[in-house]
Amino acid sequence: MKEEATIINLPKFPDRRGNLSVVEENENVPFKVARAYWIYDVPGGEKRGGHAYKRNRELIVALSGSFEVTVDSGRGDRKTFRLSRSYYGLYVPAGTWRELSDFSTNAVALVIASEPYDDDDYIRSIKQFKEYVRKQDGHRS
Ligand code: TYD
């Protein structure tokens, strides 16, 4: 069974001094954490991402503001999530096309990743992605 992109409810510790949420590897992210990066100061109307990874899995959290993440497994199940709360993470399995768009002013996207940065892990064209998925499915059946 192929994994699907899903929203993970992260722990939230409400406090009158300000709330706190946490991500711990193999606890509320289903992988060992290798890397974290963040996307910020995105001008209105710009998009980020627009690629897939062969091995990397990730959890995307809106630390501030809001934005959309469109995910597609290459099997006709394109779906868009709007992230706006710091206690939700979008888990994106490997082999998923994903694109971040419609950033609000001051939006900050935190991405927690299962792999170190590796340019060879990227699939940057949708055509290549569809071929990749077809081959993967062929090997599985
Ligand atoms: P990239 O993942 O290609 O972002 P986008 O798909 O939104 O354009 O990353 C942009 C640049 O940042 C790329 O040239 C490589 C660099 N980068 C790193 O060096 N390390 C990282 O962990 C990431 C995510 C990017």
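Notes on the structure follow. (Residues numbered from 1 in each chain as written. Predicted model: local features only at pLDDT ≥ 70, side-chain atom pairs only at ≥ 80, totals over all residues. Heavy atoms only, no water.)

A few words on the sheet that holds strand β10 (residues 97–101). Pairing in this open sheet of five strands is antiparallel, and the strands run β8-β7-β10-β5-β12 from one edge to the other. For this open sheet the edge positions go to β8 (79–83) and β12 (122–123), each flanked by a neighbour on one side alone. Examined bridge by bridge, strand β5 (residues 48–53) and β10 share three bridges and lie antiparallel to one another. Within the sheet, the bridge partner assigned to R48 lies in β10 and is L100. (Pairing = 2+ DSSP bridges. Helix = DSSP H or I, 4+ residues; strand = E, 2+ residues; numbered from the N terminus.)

Turning our attention to the site of the ligand. Surrounding the ligand, one finds R35, Y37, R48, G49, H51, Y117, Y122 and R124. R35 places a side-chain nitrogen or oxygen 2.5 Å from an oxygen atom of the ligand. Side-chain polar atom of Y122 to an oxygen atom of the ligand: 2.5 Å apart, as the coordinates give it. Looking at the shell around the ligand, the elements that each hand over two or more residues are β4 (35–39) and β5. Looking at which element gives the most residues to the shell around the ligand, the answer is β5, with three residues. Per-class residue counts for the shell around the ligand are three nonpolar, two polar and three charged. (Near = heavy atom within 4 Å. Polar contact = N/O pair within 3.5 Å; in protein donor to acceptor, adjacent residues only side chain to side chain. Nonpolar A, V, L, I, M, F, W, Y, C, P; charged D, E, K, R; others polar.)

Spatially, β1-β9-β6-β11-β4 is the arrangement adopted by the five strands of the open sheet, whose pairing is antiparallel. Of all strands in the sheet, those bounded by a partner on one side alone are β1 (6–9) and β4. Within this sheet the neighbouring strands show an average axis-to-axis angle of 30°, counted without direction. Note that strand β6 (residues 58–64) and strand β11 (residues 108–113) share six bridges and pair antiparallel. Among the inter-strand pairings, E58 is bridged to a residue of β11, identified as A113. (Axes fitted to C-alpha atoms, helices over the stretch in contact; angles between N-to-C directions.)

Before going further, it helps to spend a moment on the pairing of β8. Strand direction decides the pairing type here: strand β7 (residues 67–72) and β8, joined by five bridges, are antiparallel. Looking at β8, one finds that T70 is bridged to T80. Taking the residues between adjacent antiparallel strands as the criterion, β7 and β8 are bridged by six residues, where G74 takes a positive phi near 85°.

This part takes up the nonpolar core. With 17 residues, the main nonpolar core has I60, F67, V69, L90, L100 and F103 as its most contacted residues. When contributions to this core are tallied by element, the ones reaching two or more residues are β6, β7, β8, β9 (88–92) and β11. Broken down by element, the residue count for this core peaks at three residues, all from β7. Filtering out sequence-adjacent residues up to four positions away, L100 remains in contact with I39, E46, K47, R48, I60, F67, E68, V69 and A109. I8, L10, V29 and F31 belong to the second-largest nonpolar core, a separate cluster that totals nine residues. (Core = buried A, V, L, I, M, F, W, Y, C linked by side-chain atoms within 4.5 Å. Buried < 20%, exposed > 50% of the residue type's maximum accessible area, 1.4 Å probe, protein only. Contact = heavy atoms within 4.5 Å.)

Looking now at the pattern of salt bridges. Using the criterion set out here, one finds 11 salt bridges in the structure. Across the pair R98 and E58 runs a salt bridge whose closest N-O atoms are separated by 2.6 Å. Taken together, the positions of R98 in strand β10 and E58 in strand β6 put the pair 40 residues apart, joining distant regions of the chain. Accessibility classification places R98 together with E58 in one group, the buried group. In this structure, D72 and R78 form a salt bridge, with 3.3 Å as the shortest nitrogen-oxygen distance. (Salt bridge = Lys/Arg side-chain N within 4 Å of Asp/Glu carboxyl O.)

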